Amino acid sequence: MMSFAISAFALPTVLLMVLTFAVTALYYKNNHKKEEKAYGGNPALAGPQTKEELTSQIMQGLTDLGCQPEIDGDNILLKYQGQSFIFRNNAPFTVLWYLNWAGCLPDDPAWPDIIEAINNANGNFPPTVIWNTHPETSEYVVSTNMPLLLLKNMEEVSGYLQYVLNVCIEQRNYVDDLVRKSLSETKPKKRHNVGFTFNDENAEDERRDEATGTDERTDGDMAVAAKADRTL
C-alpha cells in the first residue's frame, strides 16, 4: 500500500492553491449573478455579441420596419423616410451615421449661427451632430452619429431602431429650424441667402416655400450640398 505525505515545505503552496481556486470560483459566481441582475435576470441577454450576430439582428430589425437594408462590408446601408443612413458595426457596438445632411460654403457669413444651432442640438438630443470639410468640394458638411449597444435576444429591436432613426431626423429638423429662425431675426428681409442647404430627397422645405411664396433664393445664391459618401 502506497501512501503520500505532504512535507512541511509543500503545505503552504498547496494551501495557497486551494485558496486561490476558492476565491476565483467565488468571484465568477458573484460576477455571474451581477450580470444576470444587470440584464433583468435573463442570462441570455448577457455577454457581447459577435459581428455576425449584431449584423443579423440589425438586418432583421430594419426589415421588420419595412426597410430594404444592404450589407456592404462592415456597414449596413439603408433608406428611411427618404434619407440615407449607415450602421457601422464593430461588435458589440454599432454606430449609426446620418451622413452629410447639410452643407454650406466655407465663407458663408451664417457659419456662426450654424455652429450655435449645432451646439444647441447636441445639448438636447442623444445623437451627436458634427461637421467637417468635404474632401472633394471643400464645403463644410454636417453629419450625425449615435453609438448603439444592442444586446443578445433583445426584444423590440425594430422599435428601438425606429426611435433612433426618427430622433436623428428630428434633430436635423431642429437644427434647420434654429438656423432659419436665427437668420430671420438677424438678417434684413432682402438678404443674400447664406447657403445652408439640406440634402432631402423629398424636398419638403422647397415645396413648403413654393406653396407659401416665401422662398427668396436663386440658383446663384444657393450652395450645393455635398453628396453623402462614406469618407467619415
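Residues numbered from 1 in each chain as written. Predicted model: local features only at pLDDT ≥ 70, side-chain atom pairs only at ≥ 80, totals over all residues. Heavy atoms only, no water.

J.: Explanation requested: the pairing of strand β5 (residues 128-133) in the structure shown.
T.: Here six bridges tie β5 to strand β6 (residues 140-149), and the two strands are oriented antiparallel to one another. Across the sheet, the residue bridging to Thr133 is Tyr140, located in β6. With antiparallel pairing between neighbouring strands as the criterion, β5 and β6 make up a hairpin whose turn holds six residues, including Ser138 at a positive phi of roughly 65 degrees. (Pairing = 2+ DSSP bridges. Helix = DSSP H or I, 4+ residues; strand = E, 2+ residues; numbered from the N terminus.)

J.: What is the right way to read the environment of Leu96 from this model?
T.: Examined against the element boundaries, Leu96 turns out to sit in strand β4 (residues 93-104). With a relative accessible area of 0%, Leu96 lands in the buried category. Each C-alpha atom, one on Leu96 and one on Asn145, is 5.4 Å from the other, the two residues being 49 residues apart in sequence. Aside from chain neighbours lying at most four places away, what touches Leu96 is Phe85, Ile86, Phe87, Thr144, Asn145, Met146, Leu148, Val164, Leu165 and Cys168. (Buried < 20%, exposed > 50% of the residue type's maximum accessible area, 1.4 Å probe, protein only. Contact = heavy atoms within 4.5 Å.)

J.: Mind showing me how you'd approach the nonpolar core here?
T.: A general tendency of soluble globular proteins is for nonpolar side chains to be buried together. Among the nonpolar cores identified, the biggest contains 38 residues, and Ile58, Leu62, Leu78, Phe85, Phe87 and Leu96 are the most heavily contacted of them. The biggest single contributor to this core is helix α4 (residues 157-186), with ten residues. Apart from residues no more than four positions distant in its own chain, Phe87 is found in contact with Ile58, Leu62, Asp74, Asn75, Ile76, Leu78, Thr94, Val95, Leu96, Leu148 and Leu161. (Core = buried A, V, L, I, M, F, W, Y, C linked by side-chain atoms within 4.5 Å.)

J.: So what exactly am I meant to see when it comes to the packing of aromatic side chains here?
T.: Taken as a whole and judged by the stated rule, the model has six aromatic pairs. Between Trp111 and Trp131 the ring centres are 5.0 Å apart and the planes differ by 80 degrees, which places this aromatic pair in the edge-to-face class. Taken together, the residues Trp111 in helix α3 (residues 111-122) and Trp131 in strand β5 connect sequence positions 20 residues apart. Note on Trp111: relative accessible area 14%, which makes it buried. Residue class for Trp131 comes out partly exposed when judged on its relative accessible area of 37%. Between Trp111 and Tyr140 the ring centres are 4.6 Å apart and the planes differ by 35 degrees, which places this aromatic pair in the tilted class. With Trp111 in helix α3 and Tyr140 in strand β6, the pair connects residues that are 29 residues apart, well separated along the chain. By the burial criterion, Trp111 is buried, and Tyr140 matches it. Taken together, the ring pairs connect Phe85, Tyr98 and Trp101 into an aromatic cluster. (Phe/Tyr/Trp six-rings, centres within 6.5 Å; stacked < 30°, edge-to-face > 60°.)

J.: I tried to follow the confidence of the model for the protein on my own but got confused; where do I start?
T.: Caution is warranted with low-pLDDT regions, since their predicted coordinates should not be read in detail. Averaged over all residues, the pLDDT of the protein is 74; the fraction at 70 or higher stands at 59%. Below pLDDT 50 for its whole length, residues 1-6 participates in one contact with residues either more than four positions away or in separate chains. Across residues 205-232, confidence stays below pLDDT 50; counting only partners more than four residues off in sequence or on other chains, it has 51 contacts. (pLDDT = per-residue confidence, 0-100.)

J.: Help me understand the pattern of salt bridges in this model?
T.: Here the idea is simple: oppositely charged side chains can pair when their charged atoms come close. Tallied over the entire structure, the rule returns two salt bridges. Across the pair Asp74 and Lys51 runs a salt bridge, and its minimum N-O distance is 3.6 Å. Taken together, the residues Asp74 in the loop between β1 (70-72) and β2 (75-80) and Lys51 in helix α2 (residues 51-64) connect sequence positions 23 residues apart. With a relative accessible area of 42%, Asp74 lands in the partly exposed category. (Salt bridge = Lys/Arg side-chain N within 4 Å of Asp/Glu carboxyl O.)

J.: Can you help me understand the packing of α3 against α4 in this one?
T.: Two quantities define a packed helix pair, namely the angle between the helix axes and the distance between the axes. Orientation of α3 relative to α4, taken along the N-to-C sense of each, is 140 degrees, at an axis distance of 9 Å. With respect to α4, the element α3 is oriented oblique. Crossing hand, α3 versus α4: right-handed. When α3 is examined against α4, the residues Asp113, Ile114, Ala117, Asn120, Ala121 and Asn122 are found in contact with a partner set consisting of Gln171, Tyr174, Val175, Leu178, Val179, Ser182 and Leu183. Of the residues contributing to the contact of α3 with α4, the split by class is eight nonpolar, four polar and one charged. (Axes fitted to C-alpha atoms, helices over the stretch in contact; angles between N-to-C directions. Parallel < 35°, antiparallel > 145°, perpendicular 65-115°, else oblique. Left-handed = near helix turned anticlockwise from the far one by under 90°. Nonpolar A, V, L, I, M, F, W, Y, C, P; charged D, E, K, R; others polar.)

J.: Explain the pairing of strand β3 (residues 83-90) to me, please; I cannot follow it from the model alone.
T.: One face of the sheet, then the other: side chains in a regular strand alternate in exactly this way. Buried residues dominate β3, accounting for six of its eight residues. In this sheet, β3 lies alongside β2 in antiparallel orientation, the contact comprising six bridges. Within the sheet, the bridge partner assigned to Lys79 lies in β3 and is Ser84. Joining the antiparallel neighbours β2 and β3 is a turn of two residues, in which Gln81 adopts a positive phi near 50 degrees. Where β3 lies against β4, five bridges are found, and the strand directions are antiparallel. Bridging across to β4, Ile86 finds its partner in Trp97. What sits between β3 and β4 in their antiparallel hairpin is a turn of two residues.

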